[in-house]
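Commentary on secondary and tertiary structure
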Amino acid sequence: MVEEDLKDFKLKPMKCELNFLNKSDGSAILAQGETVVLVSVNGPLDIKSTSQNMEKATLEVIFSSKGGKPTVSDRFKENVIRQTCETAIFGCLYPRTGITITIQELEDYGGLLPTTINCTCLALLNSGLAMRHVVAAVGCALDEAGNLIIDPTNDQIQTATATMYFVFDSREKNLVTGFSTGTFGEGVYDEALERCRAASDLVFNFYRDIVASYCNVIG
Amino acid sequence: MKVKVGDVVLPGDYCDEIASVGAKSKVLIGPGLKKEIDHVFVTKAGVLKKRNPSTFWVDSYQKRYIPCRGENAIGIVHQKAGDIYRVDIGGSCTASLSYLSFEGATKKNRPEVQIGDVIYAKILVASKDMEPELVCVDSHGKKGCLGVLSDGFVFKCSLNLIRKILSPSCPLLDSLKNEWPFELAAGMNGRIWIKANTLRETIAVGNAILGAEYLSDDEIKTMCNNIASILTGHIS
């Protein structure tokens, strides 16, 4: 069933530019639909000895919202992104160093968190840091009639009874991160997970296309 | 995902060819590849390359330098600490350079190196757990082309550009050296030092190098000709 759905299924149009900022070590700007995020990655850098980790790199994520004032929900996003990136980056290759990820929200028309995670992943690819796998985030919403909508638009999110976001790795398509709002049953969650897992292929293919287009220029 | 040599690869991909070559002989895996229990996995985004018989690496884009043994780097002296200099080479921590590792240096005869000097040195020790160590002599105790770089102009660029201009197949330096005289030192850490007779010529070399990053070989040749004709036009 999932396979059939996917044949003519499309995510919101994604547009991306790598190396958008010329001073940072890696950067990417990504638009998924109308949501736009800019991410810059710097590192491995020297950091103060109190925050150094002898085993692996210390990850610091700074999320700047459009308004500029940091809020509690920004802290939550920073935490989600930091933990997702920690699984993806080979931190053990850069012990006692710091990696700073700075995220600037430019436009938010629904699905900000998945866009941010995908953009962060692209910026990490551009920075040349060693990674275990790439990650892809896909969101879905449950509308009042009980239908699942993959990659919902802003209106659909506003009227939805529940939203679920999943992050998958590229090796085995295992779930890396999952977060949800609203109420839903266990069966719905499992179905959403499987459909998002299938949809994550589109994001991985998009990564490959982007990297391929930049390799032709640089290589 | 399974990939072949020459493909565009992403972190988490693996290549069966490496394993099959590895079954017969020793395999050298370069940057961007890492051996785990069952497979050799890709860790960087780029193009998987192979040199016969058994060397594999990933050609990727990078700006931040990770020190690597045996590479030449351009650094700036930050601090004199006892019998070592601390040199910034753009990595995550400063590198150390002993004052004895210059040609003809003894405990009494110290080399003349000031804070702020630009140094072209070879990386002797590079490990993720230790700070890198530099030397300004080769294994025969001769300085060769290493040492303090006086005058000139230093600028930064991506690590790919350094590899590109140093590759024997790149026509950039060959075309430029016929047009006007200049000196150039390229550090693998993404820094280039140039020195020409006049300021205008120095800037022309710098612009030619930075402009070559996204050009093909033929385009580089035309660009060098253009720059040379502009330069001579203004001087005369």
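Everything numeric in this text was worked out from a predicted model, so none of it was measured.

Reading the values: the criteria
Residues numbered from 1 in each chain as written. Chains lettered and ligands numbered in written order. Predicted model: local features only at pLDDT ≥ 70, side-chain atom pairs only at ≥ 80, totals over all residues. Heavy atoms only, no water. Pairing = 2+ DSSP bridges. Helix = DSSP H or I, 4+ residues; strand = E, 2+ residues; numbered from the N terminus. Contact = heavy atoms within 4.5 Å. Axes fitted to C-alpha atoms, helices over the stretch in contact; angles between N-to-C directions. UniProt positions renumbered as here; feature names shortened; annotations may be inferred. Buried < 20%, exposed > 50% of the residue type's maximum accessible area, 1.4 Å probe, protein only. Phe/Tyr/Trp six-rings, centres within 6.5 Å; stacked < 30°, edge-to-face > 60°. Lys NZ or Arg CZ within 6 Å of the ring centre and 35° of its normal.

On to the sheet that holds strand 2 (residues 28-29) of chain B. Sheet strands line up and pair through hydrogen bonds in the backbone, either parallel or antiparallel. Residue and element names in this part refer to chain B. With mixed pairing, four strands are arranged side by side in an open sheet as 1-5-6-2. The sheet is open, and its two edges are formed by strand 1 (8-9) and strand 2, each paired on a single side. The pairing of strand 1 with strand 5 (residues 46-51) spans two bridges and is antiparallel. Within strand 5, the residue paired with valine 9 across the bridge is glycine 46. Across the sheet, helix 1 (residues 16-24) touches strand 2, strand 5 and strand 6 (55-60), and the angle it forms with strand 6 is around 155°.

UniProt feature "domain: K Homology" (unreviewed entry): in the numbering of this structure it lies at residues 152-198 of chain B. In residues 152-198 of chain B, helix accounts for 34% and strand for 34%; the two terminal C-alpha atoms are 10 Å from one another.

Right, let's talk about the pairing of strand 8 (residues 84-88) of chain B for a bit. Consecutive residues of a regular strand have side chains that alternate between opposite faces of the sheet. All names here are of chain B. Taking every second residue as pointing to the same face, the buried face of strand 8 carries Tyr85 and Val87, while none of Ile84, Arg86 and Asp88 on the other face is buried. In this structure, strand 7 (residues 72-81) lies alongside strand 8, joined through five bridges in antiparallel fashion. The partner of lysine 80 across the bridge, within strand 8, is tyrosine 85. What sits between strand 7 and strand 8 in their antiparallel hairpin is a turn of two residues, with glycine 82 showing a positive phi close to 60°. Of the strand pairs in this sheet, strand 8 and strand 9 (residues 95-98) are connected by four bridges, and their pairing is antiparallel. Paired with tyrosine 85 across the strands is leucine 97, a residue of strand 9.

Note on aromatic pairs: each is described by the distance of the centres and the angle between the planes. All names here are of chain A. Inspection of every chain in the model, using the stated rule, returns nine aromatic pairs over all chains. Ring geometry for phenylalanine 204 against tyrosine 207: centres 6.2 Å apart, planes inclined by 70°, an arrangement best described as edge-to-face. You can see phenylalanine 204 and its partner tyrosine 207 sitting in helix 5 (residues 186-218), three residues apart, about one turn around the helix. With respect to burial, phenylalanine 204 and tyrosine 207 carry one shared label: buried. Among the aromatic residues, those joined into a cluster by ring pairs are Phe166, Phe168, Phe184 and Tyr189. Between the NZ or CZ atom of arginine 132 and the centre of the ring of phenylalanine 90, over which it lies, the distance is 4.7 Å.

Residue and element names in this part refer to chain A. Spatially, 7-6-8-9 is the arrangement adopted by the four strands of the open sheet, whose pairing is antiparallel. In the strand order of this sheet, the two ends are held by strand 7 (148-150) and strand 9 (175-182), each with one partner. The sheet shows a mean angle of 20° between the axes of neighbouring strands, direction not considered. Where strand 6 (residues 135-142) lies against strand 7, three bridges are found, and the strand directions are antiparallel. Looking at strand 7, one finds that leucine 142 is bridged to leucine 148. Contacts between helix 3 (residues 112-127) and the sheet are confined to strand 6, strand 8 (162-169) and strand 9, with strand 6 contributing the most and set at about 170° to the helix.

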